[in-house]
Amino acid sequence: MVDLQIGIIGFGARSTLQEEVHRPGQGSRISAVCDLAPRAREDARALVPDALITESLDELLASGVDAVMVLTPDDTHAALSIHALEAGVPVFCEKPLAIDLADADAMLETARRTGTGLYIGHNMRHMPVITLMRGLIQSGRIGQVKAVWVRHFVGHGGDFYFKDWHADRRRTTGLLLQKGAHDIDIIHWLAGAYSERVSAMGALSVYGDITDRRDRAGERMPDWFSMDNWPPTALTGLHPVVDVEDISMVNMQLEGGIFASYQQCHFTPDYWRNYTVIGTEGRIENFGDVAGSEVKLWNRRHAGAADADETFIVPEVPDAGHDGADALLVAEFLRFVRHGGLTETSPVAAREAVAAGILATASLRGDGSAIEIPPLDPELVAYFERGQVEAALV
């Protein structure tokens, strides 16, 4: 198999994906890297010394790459992805798709107009805990889904999101979008329906009171991360701009009369996601979200609290990022570049997650009123549901 030549745009935090991409002789190699930061280019030279290292996106696109991976900060996703799509180069765009709904829609429209492949990095669709829960739902073990409740305890929130660009709403819109895009997408996936209306509340309730700030230009999260950074009120060196919420909660009305809620807190002592899915014939809930954790199922009537009727163990996976999800994500993207077709991740689903996150943030920063989600053009939806192929070619 001839190696696919992959270009990386942005060699920062998500450059860890290079371990799955750069496998010369096994189907893919990183042939070019584009980044404006000197440190990132130095890292790229050390890890992929044979690749073209450049500050110019046009130089990367002209180098003969078969596809690119956009791994830059959120506010740059749309422009960079559209530039590559216009050049006819298939794109992997890290989540979230964009931080502006018009930009997200433009990305999908550009992909269709140019006929260029667009793939979204929603790696949680490949996480074992999620695929286990989805399998139980699809096999009918809890009947028809009617409600999804999600609690996200972001125990590393201060270090991960309040000491760099993530804390500036101009770069992210807000963490209900930036961090929540994963969970909103999974809520939609488990429910089998997208949000129609959202309403939210939240605040910058802890980190906004911390006055110790510093410009960390040139630094990265591993430079300052420490488990000793506790309690949250004692953190130092926050980003100069901190104007995103550190606690938020959103209610969602989905298609078909399904209801969902999502709560996110960035100052908890523990770090994990708890999903509860309730159907007409039972419910499932995960306790822990890594290999060895438990997913419990109740599908018989009980008087009061009761032990689960069945317990399932989240399986072990090969050692890779996000419990093996990153390896599966990259493998699916490479397969998509070679052969096209449908994928577990979905540009339409990514847009719907962005829409819910953006409009929930607008509700949160307004009066908490419910906001309708504007629908996509049905013909555009159909294009992606066909595997990014025009109807005349099917």
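Our structure is the block above this text.
In every chain, residue numbers begin from 1 and rise along the written sequence. Since the coordinates come from a predicted model, pLDDT governs what is reported: local features require at least 70, and pairs of side-chain atoms require 80 or more to be given and counted, while whole-chain, interface and lining totals use all residues. Just so you know, side-chain values use all the structure's heavy atoms and leave hydrogens and water out.

J.: Can you tell me about the packing of helix H5 (residues 101–114) against helix H14 (residues 378–385), naming the residues and giving the values?
T.: As a rule, the C-alpha atoms of each element are fitted with a line to give its axis, helices using only the stretch in contact, and angles between N-to-C directions run from 0 to 180 degrees. By definition, any uninterrupted DSSP run of H or I lasting at least four residues is a helix, any uninterrupted run of E lasting at least two residues is a strand, and each is numbered from the N terminus. Remark: H5 packs on H14, axes separated minimally by 11 Å, with the N-to-C direction vectors making an angle of 65 degrees. Taken as a pair, H5 and H14 cross one another with a handedness that is left-handed. Between H5 and H14, the residues in contact are Leu108, Glu109, Ala111 and Arg112 and Glu379, Leu380, Tyr383 and Phe384, respectively. Any residue outside Ala, Val, Leu, Ile, Met, Phe, Trp, Tyr, Cys, Pro, Asp, Glu, Lys and Arg is labelled polar, Gly included; the first ten of those are nonpolar and the last four are charged. Here the residues of the contact of H5 with H14 sort into five nonpolar, no polar and three charged. Crossing handedness: left-handed means the near helix sits turned counterclockwise from the far one by under a right angle, and right-handed means the same turn made clockwise. In this analysis, two residues are considered to be in contact whenever any of their non-hydrogen atoms come within 4.5 Å of each other.

J.: Hey, could you go over the pattern of salt bridges for me, with residue numbers and the actual values?
T.: Salt bridges are defined as contacts in which a side-chain nitrogen from Lys or Arg sits within 4 Å of a carboxyl oxygen from Asp or Glu. A full pass over the atoms with the stated rule returns 25 salt bridges. In this structure, the salt-bridge partner of Asp3 is Arg29, at a minimum N-O distance of 3.3 Å. One end of the pair, Asp3, is in the segment before strand S1 (4–9); the other, Arg29, is in strand S2 (residues 28–34), and 26 residues separate them in sequence. Think of it in three bands: with a 1.4 Å probe and only protein chains considered, a residue is buried below 20% of the maximum accessible area for its type, exposed above 50%, and partly exposed in between. Take Arg29: its relative accessible area is 27%, and that puts it in the partly exposed class. Of the charged contacts in the structure, one is a salt bridge between Glu245 and Arg365, with a shortest N-O distance of 2.9 Å. Remark: Arg365 occurs in helix H13 (residues 347–365) and Glu245 occurs in the loop between helix H11 (221–224) and strand S9 (247–254); sequence separation between them is 120 residues. A residue is classified by how much of its surface remains accessible, and Glu245, at 10% relative accessible area, is buried. When salt bridges that share partners are traced, they join Arg14, Glu94 and Asp326 into one network.

J.: Let's hear about the side chain of Thr173: which residues, and what values?
T.: Its place among the elements puts Thr173 in the loop between helix H8 (169–172) and helix H9 (175–178). Under this definition, polar contacts are N or O atom pairs within 3.5 Å; protein pairs additionally need one hydrogen-donor-capable and one acceptor-capable atom, and for neighbouring residues in sequence, both atoms have to be side-chain atoms. A polar contact of 2.7 Å, which involves the side chain of Thr173, links it to the backbone oxygen of Ile99. Excluding its chain neighbours within four sequence positions, the residues that come into contact with Thr173 are Ile99, Thr361 and Arg365.

J.: Tell me about unusual backbone geometry, and name the residues and values.
T.: Note the cis peptide between Lys95 and Pro96, where omega equals -10 degrees. When you line up the elements, Pro96 lands in the loop between strand S5 (91–94) and H5. Residue Pro231 is bonded to the preceding Trp230 through a cis peptide linkage, with omega at 0 degrees. Mapped onto the elements, Pro231 comes out in the loop between H11 and S9. Despite not being glycine, Gln388 shows a phi value in the positive range, around 65 degrees.

Everything listed here is a matter of coordinates, which is why it stays silent on function.
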